[in-house]
Amino acid sequence: MLLQLSTWPEVEAYLRRSTAIILPIGSTEQHGPNGVIGIDALAADGISRAVGERTDTLVGPTIAVGMAQHHMGFAGSMTLRPSTLMAVVRDSVVSLAKHGFTRFYFINGHGGNTATVTAAFSEIYAETSLGTPGNATPIRCRLRNWWTTPAIGQLSRELFGHAEGHHATPSEVALTQYLHPEAVRTLTMTPAVAPMGDDFADAADFRRQFPDGRIGSNPGLATPELGKRIFEVTVNDLSRDFERFAAAAA
Ligand code: NI
């Protein structure tokens, strides 16, 4: 059930049985030589739709541009400043809270969003903690990275070993190939496994360290068939996690 394909009377009726909503959040950024620019947003969107169907929950519009300043050295990448993304997250949550939503489950496709989105949650909670008049609704937000559930970690290691890496991973490329067959690109990676690292600063620094955009990965191992397995495991894990979150008392 998608918010964008619902009418306002349907949303009113939904709110009488649930005040939870799933919000996909991703990024629009380079994903190495064979990964399409939209991977993080497309993965979050596809997984969220499936979790929404599985749990009979409304799914909001995908926040498709994230905090990706370090990818700006590669054509096609877009970024919001951290302060802009915090405002987008806060205003999105507060808009929906005004109508009665209280549980906000963000399914995230981009590790670079984590610190900023978590800070935005703290801003939202600060309003009730500080007793801002008119903001007494008990809002709860949760951010889940689709690739960090225990079962996905195990499956990625089993399928790709050390070639999973940190960015433009075979897991995310495969999952997107499964969801969008037109995203498949077949080419040879040189070197097969990209240089590893987790200490980078701005876009120029990132490109100097990771010349083709990958970090420690070999996305040449991705196939749509493996992507289907990854998709099914993550949808299972996140559906269970979402149900616990939605059922918890305020
Ligand atoms: Ni990604």
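All values derive from a computational prediction rather than experimental measurement. (Residues numbered from 1 in each chain as written. Predicted model: local features only at pLDDT ≥ 70, side-chain atom pairs only at ≥ 80, totals over all residues. Heavy atoms only, no water.)

Draft legend 1. A look at the coordination of the nickel ion. For the nickel ion, the full set of protein donor atoms is His31 (NE2), Asp40 (OD) and Glu172 (OE), at a range of 1.9 to 2.1 Å. Read N to C, the donor residues that coordinate the nickel ion are spaced as H-x8-D-x131-E. The same class applies to histidine 31 as to aspartate 40, namely buried. (Donors = N, O, S within 2.8 Å, 3.2 Å for Na, K, Ca; no water. Buried < 20%, exposed > 50% of the residue type's maximum accessible area, 1.4 Å probe, protein only.)

Draft legend 2. Layout of the pattern of salt bridges. In total, this model carries 12 salt bridges according to the counting rule given. For aspartate 91, the salt bridge identified is with arginine 90, shortest N-O distance 3.1 Å. What makes aspartate 91 partly exposed here is its relative accessible area of 43%. Look at arginine 90 and you get partly exposed, because its relative accessible area is 25%. A salt bridge links glutamate 158 to arginine 229; the nearest nitrogen and oxygen atoms lie 3.6 Å apart. Pair noted here: glutamate 158 is in helix H5 (residues 150-160) and arginine 229 is in helix H8 (residues 224-247), with a separation of 71 residues, a long-range link. What emerges from the salt-bridge pattern is a single network uniting Arg142, Arg144, Asp241 and Arg244. (Salt bridge = Lys/Arg side-chain N within 4 Å of Asp/Glu carboxyl O. Helix = DSSP H or I, 4+ residues; strand = E, 2+ residues; numbered from the N terminus.)

Draft legend 3. Structural detail: the nonpolar core. Formed by 28 residues in total, the largest nonpolar core has its most connected members in Ile47, Val51 and Ile230. Of all the secondary structure elements, the ones that give two or more residues to this core are strand E1 (20-25), helix H2 (39-55), strand E3 (103-108), H5, helix H6 (170-179) and H8. By residue number, the principal contributor to this core is H8, which donates 7 residues. In contact with isoleucine 47, not counting residues within four places along its chain, are Ile107, Trp146, Leu175, Phe231, Thr234, Val235 and Leu238. Membership of the second largest hydrophobic core comes to 26 residues, among which are Leu58, Ile63, Val65 and Leu143. (Core = buried A, V, L, I, M, F, W, Y, C linked by side-chain atoms within 4.5 Å. Contact = heavy atoms within 4.5 Å.)

Draft legend 4. Structural context of the packing of H5 against H8. At a minimum axis distance of 9 Å, the contact between H5 and H8 shows a crossing angle of 165 degrees. Here H8 runs roughly antiparallel to H5, going by the angle between their axes. For the element pair H5 and H8, the recorded crossing hand is right-handed. Each of Pro150, Ala151, Ile152, Leu155, Glu158, Leu159 and Phe160 in H5 lies in contact with H8, whose residues at this interface are Leu226, Arg229, Ile230, Val233, Thr234 and Asp237. Here the residues of the contact of H5 with H8 sort into 9 nonpolar, 1 polar and 3 charged. (Axes fitted to C-alpha atoms, helices over the stretch in contact; angles between N-to-C directions. Parallel < 35°, antiparallel > 145°, perpendicular 65-115°, else oblique. Left-handed = near helix turned anticlockwise from the far one by under 90°. Nonpolar A, V, L, I, M, F, W, Y, C, P; charged D, E, K, R; others polar.)

Draft legend 5. Geometry of the sheet that holds E3. The sheet built from 4 strands is open, its strands ordered E2-E1-E3-E4 with parallel pairing. Two strands lie at the open edges of the sheet, namely strand E2 (58-59) and strand E4 (140-145), each paired on one side alone. Relative to E2, E1 is paired through 2 bridges, and the arrangement is parallel. Each bridged residue has a counterpart across the sheet, and for isoleucine 21 the counterpart in E2 is leucine 58. (Pairing = 2+ DSSP bridges.)

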